[in-house]
Amino acid sequence: MRIFIALTFPEDFLNKIEKDIKDIKKKIKGKWIEKEKWHLTLAFLGERSIQEVDLIQKFLLSLKFNQVQLSTFKIDYSLPIKNKVRMIWVHFKYDNFNNFQIIFDKFNVDRFYPHINLIRFEPRVLSKLPYIRKDLNLNVCPKKLVLFESILKREGAQYKELLAIELL
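As a convention, each chain's residues are numbered from 1 in the sequence order in which they are written. Totals for whole chains, interfaces and linings use every residue, but because this is a predicted model, local features are given only for residues with pLDDT of at least 70 and side-chain atom pairs only at 80 or more, for both listing and counting. Only hydrogens and water are removed before side-chain values are computed, so all heavy atoms of the structure are retained for them.

Let us look at the overall build of the chain. By the criteria applied, helices consist of DSSP H or I runs no shorter than four residues and strands consist of E runs no shorter than two, each listed in order from the N terminus. Across its full length, the chain holds four helices and 10 strands. When the helices and strands of the chain are listed from N to C terminus, the series reads β-α-α-β-β-α-β-β-α-β-β-β-β-β. For 168 residues, the compact-globule estimate of 2.2 N^0.38 gives 15 Å, and the C-alpha radius of gyration of the chain, at 16 Å, lies within 12% of that figure. Based on the C-alpha atoms only, the size of the chain along its principal axes is roughly 45 × 35 × 25 Å. Buried, partly exposed and exposed residues are distinguished by accessible area as a fraction of the type maximum, computed with a 1.4 Å probe on protein chains only: under 20%, between the cut-offs, and over 50%, respectively. By residue count, 45% of the 168 residues in the chain fall in the buried class. The contact criterion used is simple: two residues touch if any of their non-hydrogen atoms lie within 4.5 Å. Expressed as a percentage of contacts within the chain between residues at least 6 apart in sequence, the contacts between residues at least 24 apart total 76%. Reported accessibility uses the Shrake-Rupley method at a 1.4 Å probe radius. Residues are deemed covered only where the shown protein chains occlude them. In the structure as shown, the chain presents an accessible area of about 9,900 Å², 48% of it carried by carbon and sulfur atoms. Counting rule for charge: Lys and Arg are taken as positive, Asp and Glu as negative, and neither His nor the chain ends is counted. Here the site of a charge means atom NZ of a Lys, CZ of an Arg, CG of an Asp or CD of a Glu. In the chain, which carries 31 positive and 20 negative side-chain charges, the distance between the mean positions of the two groups comes to 5 Å. Here the globule rule reads 2.2 Å times residues to the power 0.38, and the radius of gyration is calculated from C-alpha atoms.

Okay, structure coming up:
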C-alpha cells in the first residue's frame, strides 16, 4: 500500500486559492489537480504492508495536537531542480510546523518544504516560463491530519482516506 500523511484544509481556504489561480490557469498548460485533492504532505511513507499501516495508524492516534495556524506567502513555481520546474505550488511559511516534528522524526523527514501542489507539467526551464508569482498572505488552521493511500492510475493519483484526525 502506497501511503502518506497529510493535512487537509477548510473549504473556504481552498475556495480562496481557487479564485487566486484563475489567471494563472490561462497561462500554464498541464494537469491541474482538482481542488478536492489539494493537501499538504507532511511525510511520504511509500509502500507499506498492512501490518505497518496498522502500526502507523496507532501511532497517529496516540498523538495530541493543539489547533495549529499556518500561513501561506505566495503562489509560484515549485523549487527548481537543475533550473527546471514541473509544478506550481501554494508556498507556506515554516512557522508552526514544529507542531508536527514528532511525525518528521518518526518517519525521518529530512527535507520538508511546506506546500500544496496545484499543477504538474513537463519539466521546463524556469526562465522560459511566464511570470506567475502571486503574493498570498492567508492564515489557516488545518482541518484534518490524514493518512492517505495513494492509488496510481492512468488518469492520475486517487487518494483514499485510511485515517482522519480532526484538528479544528
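Here the narrative resumes, following the displayed structure.
Let us now look at the packing of aromatic side chains. Aromatic ring pairs are reported here in terms of the distance separating the ring centres and the angle at which the planes meet. Planes of paired rings set the category: under 30 degrees apart is stacked, over 60 is edge-to-face and the rest tilted, where pairs are Phe, Tyr or Trp rings (Trp by its six-membered ring) whose centres lie within 6.5 Å. By the definition in use, this model includes 15 aromatic pairs. Here a set of aromatic residues connected by ring pairs shows up, and it is made of F9, F13, F65, F92, F97, F100, F104 and F112. Any Lys NZ or Arg CZ found within 6 Å of a ring centre and within 35 degrees of that ring's normal is scored as a charge over the ring. One residue, K106, lies across the ring of F59, its end atom 5.2 Å from the ring centre.

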